[in-house]
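Reading the structure
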Amino acid sequence: MTRPTDRRDERDQPARSDFLTTFDLGDRDRLERLCRRAQDIKLGMQERRLAPTLSGRVVGMLFEKASTRTRVSFEAGIQRLGGGTVVLHAQTTQLARGEPIKDSARVLCGYVDAMVIRTHGQDIVEEWARYSSVPIVNALTDLDHPCQILTDALTIWERDPEPYARPWAYIGDGNNMANGYIALAGLVGLDLRIACPKGYAPDASYVQRAEDMGATITVTDDVAAACKDAKVLLTDVWASMGQEDEAQARQEAFAGFQIDQAAVDVADDPYVLHCLPAHRGEEIADDVIEGPNSVIFEQAHNRMVAQLALLEDLLGASPA
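In every chain, residue numbers begin from 1 and rise along the written sequence. In keeping with the model being predicted, local features are shown solely for residues with a pLDDT of at least 70 and side-chain atom pairs are shown and tallied solely at 80 or more, while totals for entire chains, interfaces and linings include all residues. In computing side-chain properties, one takes all heavy atoms of the structure into account and sets aside hydrogens as well as water.

So, the environment of A255
- Residue position: A255 is located in the loop between α9 (247–253) and α10 (261–266).
- Between the alpha carbons of A255 and G26 there is a distance of 36 Å; along the sequence they are 229 residues apart. Secondary structure follows DSSP: runs of H or I at least 4 residues long count as helices, runs of E at least 2 residues long count as strands, and numbering of each begins at the N terminus.

Notes on the confidence of the model for the protein
- Summarising the model, the protein shows a mean pLDDT of 94, and 94% of its residues fall at 70 or more.
- pLDDT runs from 0 to 100 and stands for how confident the predictor is about each residue. When checking whether two residues touch, look at their non-hydrogen atoms; a contact exists if any pair is within 4.5 Å. In this model, residues 1–14 is a region of pLDDT below 50 whose contacts with residues beyond four sequence positions or in other chains number 13 contacts.

Here we look at the pairing of strand β3 (residues 114–118)
- A large share of β3 lies buried, amounting to five of its five residues.
- Only protein chains enter the accessibility calculation, which uses a 1.4 Å probe; a residue is then buried when its area is under 20% of its type maximum, exposed when over 50%, and partly exposed in between. In β3, alternate side chains face the same way, and those of A114, V116 and R118 on one face and M115 and I117 on the other are all buried.
- Note: strand β1 (residues 58–63) against β3, five bridges, orientation parallel. Bridge assignment links M61 to a residue of β3, and that residue is V116.
- Think of it this way: DSSP has to see at least two bridges between two strands before they count as a pair. Judged from the three bridges that link them, β3 and strand β4 (residues 136–138) form a sheet pairing that is parallel. Paired with M115 across the strands is I136, a residue of β4.
- Handedness rule for crossovers: strands pointing away from the viewer, path from the first strand over the helix to the second running clockwise, crossover right-handed. For the crossover that starts at β3, traverses helix α4 (residues 122–131) and ends in the parallel β4, the hand is right-handed.

So, the sheet that holds β1
- Taken in spatial order, the four strands make up an open sheet running β2-β1-β3-β4, and their pairing is parallel. Each of the sheet's edge strands pairs with one partner strand only, and the pair in question is β2 (84–89) and β4. Each neighbouring strand pair of the sheet contributes to a mean axis angle of 20 degrees, computed without reference to strand direction. Axis angles are defined between N-to-C directions and span 0 to 180 degrees, where every axis is a line fitted to C-alpha atoms and, for a helix, only to the segment in contact.

Considerations on the packing of helix α5 (residues 146–159) against helix α12 (residues 296–315)
- Here α5 crosses α12 at 110 degrees, and the two axes come no closer than 8 Å. Comparing the axis directions of α5 and α12 gives the class roughly perpendicular. For the crossing formed where α5 meets α12, the hand is right-handed. Only E298, Q299, N302, R303, V305, A306, Q307 and L310 of α12 make contact with α5, whose side of the interface consists of C147, Q148, L150, T151, D152, L154, T155, E158 and R159.
- Three classes are used: nonpolar for Ala, Val, Leu, Ile, Met, Phe, Trp, Tyr, Cys and Pro, charged for Asp, Glu, Lys and Arg, and polar for all others, with Gly counted as polar. Broken down by class, the residue content of the contact of α5 with α12 amounts to six nonpolar, six polar and five charged. An angle below 35 degrees is treated as roughly parallel, one above 145 as roughly antiparallel, one from 65 to 115 as roughly perpendicular, and anything else as oblique. Left-handed describes a crossing whose near helix is turned anticlockwise from the far helix by less than a right angle; the clockwise case is right-handed.

Next comes the structure, spelled out in structure tokens:
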């Protein structure tokens, strides 16, 4: 009998899983295992002793939104572990000419071992996952930014022996970053405060799910109250990609929703994080980015190792 040529041989392959939302981290044990492996990779990079755990693996990357850190951290990282990448921009693929996602997904999964997708709607990555036989990684949607949340958890985990024992505070738009932190709070039982203007609250279903998991989620419009005694301060831009036409209205609505020195002073000698790019002087003060509480550039560098630990895990390529 002729062996089919349009399906990959799945014998000896790990059970497939996707990474579509921060909730897909699963639980605190898996999160900490990924953090430990990311730290090992970081040390291996510093000592030039990385094992080629992704040798023979090819990761496809599809971008419908602009990218700097996501693209470079995935591409450079995969190469460091011996793998390869294929980068696609949606406007230069047949998707731009109307090819259904279900067709593209079933074809591309025969060429690559995983797909990393940076797009708009959460429904897009979910449709890719529905029709693909390889892991799908959400590299950003309007709903969630799980690779960044994993990175931020790693950044605090490396610095604090009890990273979730004290409150975290997020200041700004209730966007994909706020949603991701809410999901993280659910996974680890965190006390999370979200300070945002009325009308810009995070996703209610995320809040409910996290609270059902044991998190304490407070949504307020009082920045000082949110920051009081917090150990971690977090923020993001006021107008995300695709919201450029709202920029002026958001400038007015978000006035005062900034991590400045006053916010740092009422917190508990906090770690300050920002996923970048930052609009200095808007959601975060320039002197805070450059100040002693900022771990923002360490956070940015951690994107690579966090994502490599994740890819190894999804592909069953983690070393024994």
